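# Overview (structure and organization)
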Amino acid sequence: MDRTHRRTWTRIAVVLAGLLLAFARTLSAAAERPNILWITSEDNSPLLGCYGDAQATTPHLDAMAAAGVRYTNAFANVPVCAPARFCILTGLHAAAMGTLHMRSRYRVPDFVRPLPRYLRDAGYYCTNKSKTDYNFKTKDKSHWDACGGGASYRNRDAGQPFFSVINLMTTHESKIHGGGTPDHDPAAMDLPPYHPDIPAIRRDTARYYDQIEQMDDEVGDILAQLEADGVAENTIVFYYADHGGVLCRSKRFVYDTGTRVPLIVRFPERYRHLAPGDPGTSCDRLVSFVDLAPTVLSLAGIDVPGHMHGAAFLGEQQAPEPEAVFVYRGRMDERIDLVRGAHDGRYAYFRNYMPHRIYAQRISYLWRAESVPAWEEEYRQGRCDAVQSRFWERKPSEELYDTRADPWQVHNLATDPEHAGALQRLRGAVADWTRDIQDVGFFPEATMVARAGGGNIHAVVRDEAVPLDRIIAMAEAASSQDPGELSRLIDGLADAEVAIRFWAATGCGILAHHGAPAADALGDLLTDPSQDVRIAAAEALCRIGAADEGLPALAGELDLGSNLHRLHAANAIDALGARALSELGRIRSARQDNSDWRVRSVLGDAIDRLEALPSPPGELTATPLDP
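Presented here is an overview of the structure given in this document.

## Overview of empty space enclosed by the protein
Counted under the stated rule, the structure contains 8 cavities of 30 Å³ or more. Lining the largest cavity are 29 residues, with I336, M354, P444, F502 and H568 sitting closest to its centre. Of all the elements in the fold, those that place two or more residues in the lining of the largest cavity are α12 (445-452), α15 (498-510), α17 (531-544) and α19 (563-576). Counting residues per element, the lining of the largest cavity draws most heavily on α15, at 6 residues. Each residue belonging to the lining of the largest cavity can be placed in one class, and the counts come to 15 nonpolar, 7 polar and 7 charged. Here the second largest cavity is characterised by a volume of approximately 110 Å³.

## Remarks on the packing of aromatic side chains
The tally for this structure, following the rule as stated, stands at 27 aromatic pairs. Between W144 and F163, the ring centres sit 6.1 Å apart and the planes meet at 15°, which makes this aromatic pair stacked. Of this pair, W144 sits in the loop between β5 (136-137) and β6 (146-147) while F163 sits in strand β7 (residues 162-168); the two residues are 19 residues apart in sequence, bridging distant segments of the chain. Seen in terms of ring centroids, W375 and W392 are 5.5 Å apart; in terms of plane orientation they differ by 90°. Their pairing is edge-to-face. On the criterion of sequence distance, the pair formed by W375 in helix α9 (residues 371-380) and W392 in the loop between α10 (386-389) and β14 (398-402) is long-range, its members being 17 residues apart. Across the pair, W392 and W375 agree in class, each one buried. It is K395 that lies over the ring of Y359; its NZ or CZ is 5.7 Å from the centre.

## Overview of the layout of surface pockets
Considered as a void within the structure, the largest pocket measures approximately 790 Å³ in volume. Elements with a contribution of two residues or more to the lining of the largest pocket: β2 (69-75), α6 (199-228) and α7 (256-259). Per-element accounting of the lining of the largest pocket gives the leading share, 3 residues, to α6. Here the residues of the lining of the largest pocket are counted per class, giving 14 nonpolar, 11 polar and 6 charged.

## Observations concerning the nonpolar core
The nonpolar side chains of a soluble globular protein tend to be buried, and buried together. Residues W38, Y71, L119, F163, F238, W503 and L522 are the most contacted members of the largest nonpolar core, which totals 204 residues. Broken down by element, this core gets its largest block of residues, 10 residues, from α6.

## Some points on α6
Residues spaced three or four apart along an α-helix face the same direction, because each turn holds 3.6 residues. In this model α6 runs 44 Å from its N-terminal to its C-terminal C-alpha over 30 residues, within 8% of the 44 Å that 1.5 Å per residue would give. One or two steps after α6, the chain reaches G230, where phi turns positive at roughly 75°.

## Considerations on the sheet that holds strand β1 (residues 35-41)
If you walk across this open sheet you meet the 8 strands as β6-β4-β7-β1-β8-β9-β2-β10, and the pairing is mixed. Edge positions in the open sheet fall to β6 and β10 (281-288), since each of these has one partner strand only. As defined by bridge partners, β2 adjoins strand β9 (residues 263-266) across 3 bridges and the pair is classed as antiparallel. Bridge pairing links V69 to V265 in β9. Sitting on the sheet, helix α2 (residues 59-67) touches β2, β8 (235-241) and β9, and the angle it makes with β9 is about 60°.

Scoring rules and cut-offs
Residues numbered from 1 in each chain as written. Predicted model: local features only at pLDDT ≥ 70, side-chain atom pairs only at ≥ 80, totals over all residues. Heavy atoms only, no water. 1 Å grid on protein atoms, 1.4 Å probe; cavity = no way out; pocket = protein on both sides within 12 Å on 5 of 7 lines; lining within 4 Å. Points joined across faces, edges and corners; volume = space filled by probe spheres on them. Helix = DSSP H or I, 4+ residues; strand = E, 2+ residues; numbered from the N terminus. Nonpolar A, V, L, I, M, F, W, Y, C, P; charged D, E, K, R; others polar. Phe/Tyr/Trp six-rings, centres within 6.5 Å; stacked < 30°, edge-to-face > 60°. Buried < 20%, exposed > 50% of the residue type's maximum accessible area, 1.4 Å probe, protein only. Lys NZ or Arg CZ within 6 Å of the ring centre and 35° of its normal. Core = buried A, V, L, I, M, F, W, Y, C linked by side-chain atoms within 4.5 Å. Expected span 1.5 Å × (residues − 1). Pairing = 2+ DSSP bridges. Contact = heavy atoms within 4.5 Å. Axes fitted to C-alpha atoms, helices over the stretch in contact; angles between N-to-C directions.

This is the structure we're talking about:
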């Protein structure tokens, strides 16, 4: 062989050796990376023995906590599954991406990559068994190596690290529907002070604890299988719930009962150096769902993308603890609302931007539990005390709770001078956060979708022409319930920005009779180009005492625009209660002609209420649920 050929073969050998060494290093790195297993249960607060709940029978999760670390300040950012799961999967706030409304399925920007995509690119085998419900449209359906009832880490290549999610539906709210005799003793149940002590609530509470016990057994089976498969010593196991629940005033509501979740992380011996404490200890660090994806990437040795809102709380990329975590509520199925809040580990603060919408807006799925209509009937019959009645009444603009002294969050401290410092600090935190993330929830949903024009909603508020700071400021003024803001609201009715006109009109209606000086300007908006503005103006006219002008216009909107517009109009009519009686015929026709289940549901509730009025009706300015 001549010198030229020897040189060529030498170079080839060096290249091959380099490739083999790189491949060996990759395999070695993969072997050092932990497997990660998420066990996710549905709709349950930390009602577990290891969290101090004496009613719970949860030996397997208690044992997991004894061998791992129990987080005491873990929160779902949204108290309902689909938006919450978006936060989990992406590390991004749903309120910033247009995915905050329940089952909205809008497009997101191309830079949004679900967690398993990063892990798969790094060599992980990723499985999901089997719930998705991520609340956004995507062209890429290949996030997982396997997704479905048969998905299992067992199907990975030899030596390949895995990331697996196992979703347990056992504690989902649907499991208490339909009655049946519970195994737990209803008479032995401890009830929160906001629930009246009635048999239906006791039975549903007992049924719920039955499901928690069953879920705990399933967790035990999963952990036993991990041991039997010989992978427990290489696997970091997370257990958490996808939000709180499930009795009324928990799931869907931003109180701790809806957002605080159990979170237990168990580290095998070889990865114990990654744990924030010894086995059996608790960790008070503030954690929320947007932090889960960055944390897994950190544990897997993958760079956390800079666009993620969350921060790692474990691993080499662990970030400092945040000063607060943020929670929020948008449209829940067929009911429209807007709440933003913050929690600093002691104080919980909530801003109600639609205080004229009572807490207990009727959500058809929620009302399937026998405890909810039973509680409603107790209220209607006047048998609830002040704390138990509050759920069925108009909301304050702000709520502040000392969760250490008041874990059930029933004593609102927002007007207490002794807690003014906490109020101002968390109010400012929420105000800054909504602007920092460019919260799209301050647009009416139909307007938001129309502006996106089939594109992603995230881009809408990032247009320099959109005055988001002014929109949020008007929403703050509108929701203040302060008559001193009326002149500012009237000025806003003539603003060039649709969302500002919407909030200005909404604020005039919130002021009720104090908003009467806005009547002429509101009347002018009945011909506004924006249907959302027209609906808000028509409802406001009804609320300030000009129903003769506002109500026919509002009823007419039921037949116009998209189903989101019609849903907006239906919610406004239902919220007016007995004041809508003169349009009962048009409401019946609109319900019959509409195929959208959400619109039909809200109009059906309005019809039921109006048909239940005495004939001839008496005073039509209010009903028990129309403060």
